[in-house]
Amino acid sequence: MSTGEFPAEAVDVSDPRVLRAVAHPLRASLLGLLRAEGPSTASRLGQRLGESSGSTSYHLRQLAASGLVEEVPGEGTGRERWWRARHRSTRWSTEEVVARPGGREVVEELTHQSLAVQRRLLAAHAEQREQLDEAWRDATSLNDWALHLSPAAAGELVDELNAVVARWRTEREEPGQPLVHVLLDLFRLAEYPP
C-alpha cells in the first residue's frame, strides 16, 4: 500500500456535522494516521493508537459516513478491510462555518484539537531530534515571527504562505522521501502571556 494515493487533494467543508466527525479526538488521530502513513486496517490502526479494533472500526465507519475516509477498492476482505483517507487535507472557512447552527462550537473544538496536535508534534520532534541525521537537524526550522499587521494584511499573509506550501506540494514534493510537517500559524494575542 502506498502512502501517496489520495482520491482528492483537499476537501472544503462548510457543514458543521462533517467537521464534528473530525473534532472527535480518536477520529482525528485515525484520519491523521491514514494521511501520514497511508492505507491501513482497523486492527493495525487500533494497535498503533492503543485502541480496540472494534472501536477503530466504528470510528472509521463514522468518518466514512462523513465522506472523509473510504474502503480501499479491491483490498482486504470482509473481516480485514483496508481504509484510506479520501483527501490529503481538510479546509474550512471559519466565517462560513460559524454562521451555521453548531458551527461556533465545532470550530472551538477543532481549534483546541489542532493546538493539541501541534503540541504533540513539536514535543515529539524535541524528543526525537537527536536521533535524526545531521542533515535533517540542520534542515529543521522552528521560527517565531512577530509583525504589526491589520486583519486584512494578516489574511493576505495567510493566503500567501498557504499558497507557497500548496505550490511546493504540487511542484516540488519528492515521493519516497520522509514526510515533513509544516506548521503555519498566524494569530493575534489580546495580551502577551507572562
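Criteria and cut-off values
Residues numbered from 1 in each chain as written. Predicted model: local features only at pLDDT ≥ 70, side-chain atom pairs only at ≥ 80, totals over all residues. Heavy atoms only, no water. Helix = DSSP H or I, 4+ residues; strand = E, 2+ residues; numbered from the N terminus. Buried < 20%, exposed > 50% of the residue type's maximum accessible area, 1.4 Å probe, protein only. Contact = heavy atoms within 4.5 Å. Areas by Shrake-Rupley, 256 points an atom, 1.4 Å probe, with all protein chains shown as cover. Axes fitted to C-alpha atoms, helices over the stretch in contact; angles between N-to-C directions. Parallel < 35°, antiparallel > 145°, perpendicular 65-115°, else oblique. Pairing = 2+ DSSP bridges. Salt bridge = Lys/Arg side-chain N within 4 Å of Asp/Glu carboxyl O. Patch = residues over 30% accessible without salt bridge, like charges linked within 9 Å, V, L, I, M, F, W, Y side chains within 5 Å.

Chemist: How should I be thinking about the overall build of the chain in this particular structure?
Modeler: Of the regular secondary structure elements, the chain holds eight helices and five strands. When its helices and strands are written in sequence order, the chain yields β-α-α-β-α-α-β-β-β-α-α-α-α. Relative to its full complement of 194 residues, the chain shows a buried share of 27%. Residue pairs at least 24 apart in sequence account for 65% of intrachain contacts in the chain once pairs closer than 6 positions are excluded. Accessible area of the chain: about 13,700 Å², with a carbon and sulfur share of 50%.

Chemist: Just to check I follow, could you spell out the packing of helix α2 (residues 25-37) against helix α4 (residues 53-65) for this structure?
Modeler: Geometrically, a packed helix pair is captured by the angle between its two axes and the distance between the axes. Close contact between α2 and α4 brings their axes to 10 Å; oriented N to C, the two are set at 80°. Put simply, α2 runs roughly perpendicular to α4. Of the residues in α4, those in contact with Leu26, Arg27, Leu30, Leu31 and Leu34 of α2 are Ser55, Thr56, Tyr58, His59, Leu60, Gln62 and Leu63.

Chemist: Looking at this structure, I do not really get the sheet that holds strand β3 (residues 69-76). What am I missing?
Modeler: In a beta sheet, neighbouring strands pair by backbone hydrogen bonds and run either parallel or antiparallel. Strand order across the open sheet formed by three strands is β2-β4-β3, with antiparallel pairing between neighbours. Of all the strands in the sheet, the pair left with one neighbour each is β2 (40-41) and β3. Sheet analysis places β3 next to strand β4 (residues 81-85), joined by four bridges and oriented antiparallel. Paired with Gly76 across the two strands is Arg81, which belongs to β4.

Chemist: What is the right way to read the pattern of salt bridges from this model?
Modeler: Between side chains of opposite charge, a pair can form as their charged atoms come close. A full pass over the atoms with the stated rule returns 10 salt bridges. Residues Asp12 and Arg91 are paired through a salt bridge, measuring 2.9 Å at the closest nitrogen-oxygen approach. Taken together, the residues Asp12 in strand β1 (residues 8-12) and Arg91 in strand β5 (residues 87-91) connect sequence positions 79 residues apart. You can call Asp12 exposed: its relative accessible area is 56%. Take Arg91: its relative accessible area is 43%, and that puts it in the partly exposed class. Residue Arg86 pairs with Glu70 through a salt bridge whose shortest N-O separation is 3.3 Å.

Chemist: Hey, could you run me through a nonpolar patch on the surface in this one?
Modeler: On the surface, Val117, Leu121, Leu122, Leu142 and Leu183 cluster together into a nonpolar patch covering about 380 Å² of accessible area. On the secondary structure map, Leu142 appears in the loop between α7 (134-139) and α8 (151-171). What makes Leu142 exposed here is its relative accessible area of 60%.

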